[in-house]
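If you want the building blocks of each chain, they are given just below.
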Amino acid sequence: MTGAETTERVSGDEPLLAARVHRPSDLLRLLIGILAIAVVIAIAAFAHATTSGLEADINKGTGQAPDVFVKIAGLASSIAVLLVPVAFAIERLIKRDGLRIADGVLAAVLAHGVTLATDLWVAKAAPGTIQDALTQPQSGGGLTDPVHGYLAPVIAYMTAVGMARRPRWRVVLWMVLLLDAFAMLVAGYTTAFSIILTVLIGWTVAYGTLYAVGSPNVRPTGQNLLAGLRHVGFHPVTAMRAEGVPDAAEQGDRGRRYLVTLEEGPPLDVTVVDREQQAQGFFYRVWRRLTLRGITTRRSLQSLRQALEQEALLAYAAIAAGANAPKLIATSELGPDAVMLVYEHLGGRSLDSLTDEEITDEVVVGAWQQVRALQSRRIAHRRLTGDALLVDRSGKVIITDLRGGEIAAGDLVLRMDIAQLLTTLGLRAGAERAVAAAVRELGPDAVADCLPLLQPIALSRSTRATLRRLARERSQREREAVLAASEAAKQARLEGATDGPPTADGESPRAGKKADRKAVRAEKQAEKRALDEALDEAREEDLLSQIRRQVLLIRPQAPVEPARLERIRPRTLISMIAGAIAAYFLLSQIARTPLSTIAQADWAWVAAAVLFSAVSYVAAAMSLLGFVPERVSFLRTVVAQVAGSFVKVVAPAAVGGVALNTRFLQRSGVRPGLAVASVGASQLFGLGAHILLLLSFGYLTGTEKTSSFTPSRTVIAGLLTVAVLVLVVTAIPFLRKFVSTRLRSLFAGVVPRMLDVLQRPVKLVTGIGGMLLLTCAFVLCLDASIRAFDGGQQQLSYASLAVVFLAGNALGSAAPTPGGVGAVEGALTFGLVAVGLPLEVATPAVLLYRLLTLWLPVLPGWFSFNHLTRKGAL
């Protein structure tokens, strides 16, 4: 076959590559640049003494430089800073790389625009400390430019065109830039912070431009691959791109795979890795490295040389350990941006592509034999998914994709491999077969030790996605079974009502009604039992629970408590950031409040506020028990609500209270499904009442100062916003499906519970009355807190106070901080000031209100929580 025929064959099999790619590394550098700019501006704003001292030291040191030298340096750098980029552009145009020059020009234009905007902001709106740090006074009375309008575009240009990746040009350019910066500092035309900010702006804009428009694709093609194989001594004929390579972020760095046929000898498996593929999944790997505790992963930023050496080392180590792994026979670079690894072709199909009948016991055992061989030399695979296990025609299992593994791995990582393979094989062969084969090859102790790591966070991303899909399917089947049982029970009740109960001669009307009530009650109890039985029959055990059960049958004493692998959770991180922001605003409010205002508080109104705060716990107990048809102690429910004040400060608002009430009802004898439904019904009804009260009081507030009974524009805008949101949700299929799924599950549990409550008027009145009393207690507590600081002369209407409270409470429930700390204080203070209360009164009033409703009840809540726990009520 001629060379032309070979090239044509490869180009026909090789998928077309995009002309430009958006590199994650460019996005990362963009984010780092933005963060660095924010840090520089923050230092300039808050560390005024440091910046002033630094400027004084620089001026003192540069003042001793000879004047002639300064003038020569300034002239030379001013000329060179323009000539060097032009010379590089000519050199690139000669080599027909004009597209890269166009990218550089675009980045320079954008950088110039950013510098102009920064100069305008510093001159017109920035704090004085930032202006002092970025400018120098001039003899004519003006100030120097905060950011240099010609230097930032040059830096953006040279970064976008890639001058920094060419050693000679990089050295020349940085010498010119340093010389220019020195000349401007000595001449007193700039400051150190101005130069730093200029460099960061140019660098950040360049990478932002590259990520937005994309970088030229430098991935090697099939023709480059054939040339590289000839360079290492092979004689290829064709190169076929392997299909079915996963593109997930977790697996995208495996490289492109080719099946290469040679003029003589067996075919080869070749993997090509370039910088673009190596960067795939970068943010996911960084997040796993930050969040997983005690797990050493490979460095997220590796050079191609390091990646090549790591995979080669693992390939040799796996074969030396006795595992069936592809034999690495050659490695080579394919230019400056790609490498290739050449393996012997072993053939076979992945475990994912096999049918259930093809996954025999020998295949399952063979997979565990490979893991045993690796772990005998303390080699961790780290990615034992179905596509990493190949099965050839003889049934031999081959382990592949060792690039993400580790040598000299710790016990934790080795146990995670066992947990991962248990799940992978359990998904295809069932939990019983997977555990039995693992015990046979590894022993019961090794399998039992992995139980604490058998949790989703320790598994691969693709496995977690599969488990979530199976969980959704299980939930759907359970809901369908419950709905079918409910429909059958209703149909049976209708048929019984049609037949009618037999009546006895001479029976009094009162006795007949009593018998009818008993019959209706018996029918409802029978319907509930039917629903519970249907749910119990439809409930399916998830795969991880099945694996645990199989292991416990062999080792009953095996540890089952999940190990804590997460160092930090996304919710925790968000709470920390939100808490820091809230603390900043809260402390700023406290700082503006004179101590004399707090000292002059009216203690009679403070006592009234304490009383209203205490009433709120009674109201909360009423609002909960109103949706629980079963008999539950009222006093113990009040104590549980007090305990909720302790849980509220250690969990986000509206989350800890729901969990505590659900647990309390379960321990009080309410079935788990009914307890969840009762709390859900209470929350749903409370949400509806909250929205209705907010709209009603908002309407009344808008009519207070007008002669006609018309609502305010704010209420109309709110209603229109809600209507637009409803239309958006209805129009977008994804959102419509998401909402309909949640509503379907709601009707399967919560709505039948509410229908039970509607048939008990006393319970319904208790629930509604408790919710109204709860709102009134909080509004009166806020009112008393205000009167404690304004001498009892509070002129705001209760409708306005109710709107402020309801809006602030809604923000607190949505905030990720425990108890809504920061969000509630800010919303209440802003709302009170908006309705006409002076800031010097609103701030201490809100702080007193939050002290009484959030912080003071923490200690009684802790005692109540421990008391209920000891009594077995939680």
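Now for a description of the structure that goes with this document.

## Here's the deal with the environment of Gly-335
By the secondary structure assignment, Gly-335 is in the loop between β6 (328-333) and β7 (338-344). A relative accessible area of 40% means that Gly-335 is categorised as partly exposed. Counting along the chain gives 115 residues from Gly-335 to Pro-220, while the straight-line C-alpha distance between them is 8.2 Å.

## Details of helix α32 (residues 839-855)
An α-helix turns once every 3.6 residues. As a result, residues three or four positions apart point the same way. In a regular helix each residue adds 1.5 Å, so 17 residues correspond to 24 Å; α32 covers 22 Å between its end C-alpha atoms and thus fits that length. Of all 17 residues making up α32, twelve are buried, and the element is well covered by its neighbours. Among all positions of α32, only Val-841, Ala-842, Thr-843, Pro-844, Ala-845, Val-846, Leu-848, Tyr-849, Arg-850, Leu-852, Thr-853 and Leu-854 are buried.

## Details of the environment of Ala-36
Tracing the backbone shows Ala-36 in helix α2 (residues 24-46). Judged by its relative accessible area of 23%, Ala-36 is partly exposed.

## Details of the sheet that holds strand β4 (residues 256-262)
The five strands are arranged β3-β4-β5-β7-β6 in an open sheet whose pairing can be described as antiparallel. Strand pairing shows two members of the sheet lacking a second neighbour, β3 (236-241) and β6, which therefore form its edges. With direction set aside, neighbouring strand axes in the sheet form an average angle of 25 degrees. Sheet topology places strand β5 (residues 268-274) next to β7; seven bridges connect them, and they run antiparallel. The partner of Asp-274 across the bridge, within β7, is Ala-338. Packing against the sheet, helix α10 (residues 222-231) makes contact with β3, β4, β5 and β7, and its axis sits at approximately 135 degrees to β3. Where helix α13 (residues 304-320) meets the sheet, it contacts β5, β6 and β7, and its direction lies at approximately 15 degrees from that of β7.

## Examining the packing of helix α7 (residues 151-160) against helix α9 (residues 192-213)
Relative to each other, α7 and α9 sit at 40 degrees, their axes nearing to 8 Å. Considering their axes alone, α7 and α9 lie oblique with respect to each other. For the element pair α7 and α9, the recorded crossing hand is right-handed. Across the interface between the two elements, Leu-151, Ala-152, Ile-155, Ala-156, Thr-159 and Ala-160 of α7 pack against Thr-198, Val-199, Gly-202, Trp-203, Ala-206, Tyr-207 and Leu-210 of α9. Considered class by class, the residues forming the contact of α7 with α9 number ten nonpolar, three polar and no charged.

The rules behind each value
In this numbering scheme, every chain counts its residues from 1 along its sequence in written order. Given that the model is predicted, a residue must reach a pLDDT of at least 70 before its local features are reported, and side-chain atom pairs must reach 80 or more before they are shown or counted; all residues, however, enter totals for whole chains, interfaces and linings. To obtain the side-chain values, all non-hydrogen atoms of the structure were used and water was disregarded. The secondary structure listing takes helices from DSSP runs of H or I that are at least 4 residues long and strands from runs of E that are at least 2 residues long, numbered from the N terminus. Buried means the residue's accessible area, taken with a 1.4 Å probe over protein chains only, is under 20% of the maximum for its type, while exposed means over 50%, and partly exposed covers the values in between. Multiplying one less than the number of residues by 1.5 Å gives the expected span of a helix. Strands qualify as paired when DSSP identifies two bridges or more between them. The axes are straight lines fitted to the C-alpha atoms, using for helices just the contacting stretch, and the angles between their N-to-C directions are given from 0 to 180°. Here, two residues are considered to be in contact whenever any of their heavy atoms come within 4.5 Å of each other. Roughly parallel means an angle under 35 degrees; roughly antiparallel means over 145; roughly perpendicular covers 65 to 115; every other angle is labelled oblique. Here a crossing is called left-handed whenever its near helix is offset anticlockwise from the far helix by less than a right angle, and right-handed whenever the offset is clockwise. Residue type decides the class: Asp, Glu, Lys and Arg count as charged, Ala, Val, Leu, Ile, Met, Phe, Trp, Tyr, Cys and Pro as nonpolar, and the leftover types, Gly among them, as polar.

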